[in-house]
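Remarks on the overall topology
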Amino acid sequence: SAANVTIEIHDAKGRLVRRLALGYLSPGYYMSRADAAYWDGRNSQGEAVASGIYFYTLSTDSFSDTRKMMIIK
C-alpha cells in the first residue's frame, strides 16, 4: 500500500550519514533513473564520504529492511 518512505544511510560504525525522505509513494517498482532513490555519496553536511561499506535502511510505517552497499572511488 502507499506509504511515506525514507532511506537512512549509516557507516560501518552505525553512525547516520544521510537521511533521504522520499515522500508518499505508491506501491511499485522504481527502477528508472528518474524514479529511483538517488544518493550522491555525500553526508548531511554536503561532504563526499570515503570509500567503504555502508548500510541503508528503507522504512515505511509498516516495513523496514536494511541492506549493505559498497562505495568505491
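One can find the structure itself at the top, above this paragraph.
This text gives an overview of the structure that appears in the document. (Residues numbered from 1 in each chain as written. Predicted model: local features only at pLDDT ≥ 70, side-chain atom pairs only at ≥ 80, totals over all residues. Heavy atoms only, no water.)

1. Topic: the nonpolar core
The condition that has to hold: Note on terminology: a nonpolar core comprises buried Ala, Val, Leu, Ile, Met, Phe, Trp, Tyr and Cys residues joined through side-chain atoms within 4.5 Å. Buried, partly exposed and exposed residues are distinguished by accessible area as a fraction of the type maximum, computed with a 1.4 Å probe on protein chains only: under 20%, between the cut-offs, and over 50%, respectively. Only DSSP runs of H or I reaching four residues or more are called helices, and only runs of E reaching two or more are called strands; each is numbered from the N terminus. Note on contacts: a residue pair qualifies if any of its non-hydrogen atoms lie within 4.5 Å across the two residues.
Membership of the largest hydrophobic core is limited to 8 residues, which are Ile 7, Ile 9, Val 17, Leu 20, Trp 39, Val 49, Tyr 54 and Ile 71. Broken down by secondary-structure element, the contributors of at least two residues to this core are β1 (3–11) and β2 (16–25). Setting aside residues up to four positions removed in sequence, Val 17 forms contacts with Ile 9, His 10, Asp 11, Trp 39, Asn 43, Ser 44, Val 49 and Tyr 54.

2. Side note on the packing of aromatic side chains
Test applied: For Phe, Tyr and Trp, where Trp contributes only its six-membered ring, two rings pair if their centres lie within 6.5 Å, and the inter-plane angle classes them as stacked under 30 degrees, edge-to-face over 60, or tilted in between.
Inspection of the entire model under this criterion finds 1 aromatic pair. For the pair Trp 39 and Tyr 54, a centre-to-centre distance of 5.9 Å together with 65° between the ring planes defines the contact as edge-to-face. Here Trp 39 is found in the loop between β2 and β3 (52–59), whereas its partner Tyr 54 is found in strand β3, with 15 residues between them in sequence. Summarising the burial analysis for this pair, Trp 39 and Tyr 54 share the class buried.

3. Some words on the environment of Leu 58
By secondary structure assignment, the location of Leu 58 is in strand β3. Taking the C-alpha atoms as reference points, Leu 58 and His 10, separated by 48 residues in sequence, lie 12 Å from one another. Setting aside anything within four residues of it in sequence, one finds Leu 58 in contact with Val 5, Thr 6, Ile 7, Phe 63, Ser 64 and Asp 65.

4. As for the pattern of salt bridges
Selection criterion: Here a salt bridge means any side-chain nitrogen of Lys or Arg lying within 4 Å of a carboxyl oxygen belonging to Asp or Glu.
The tally for this structure, following the rule as stated, stands at 4 salt bridges. The partner of Arg 19 in a salt bridge is Glu 8, and the shortest N-O contact between them spans 3.6 Å. In this pair, Arg 19 is assigned in strand β2 and Glu 8 in strand β1, connecting sequence segments 11 residues apart. The class of Arg 19 is partly exposed, set by a relative accessible area of 48%. Residue classification places Glu 8 among the partly exposed residues on the basis of a relative accessible area of 28%. Between Arg 18 and Asp 40 there is a salt bridge, with its nearest N and O atoms 2.8 Å apart. Here Arg 18, found in strand β2, pairs with Asp 40, found in the loop between β2 and β3; they are 22 residues apart in sequence, far enough to count as distant.

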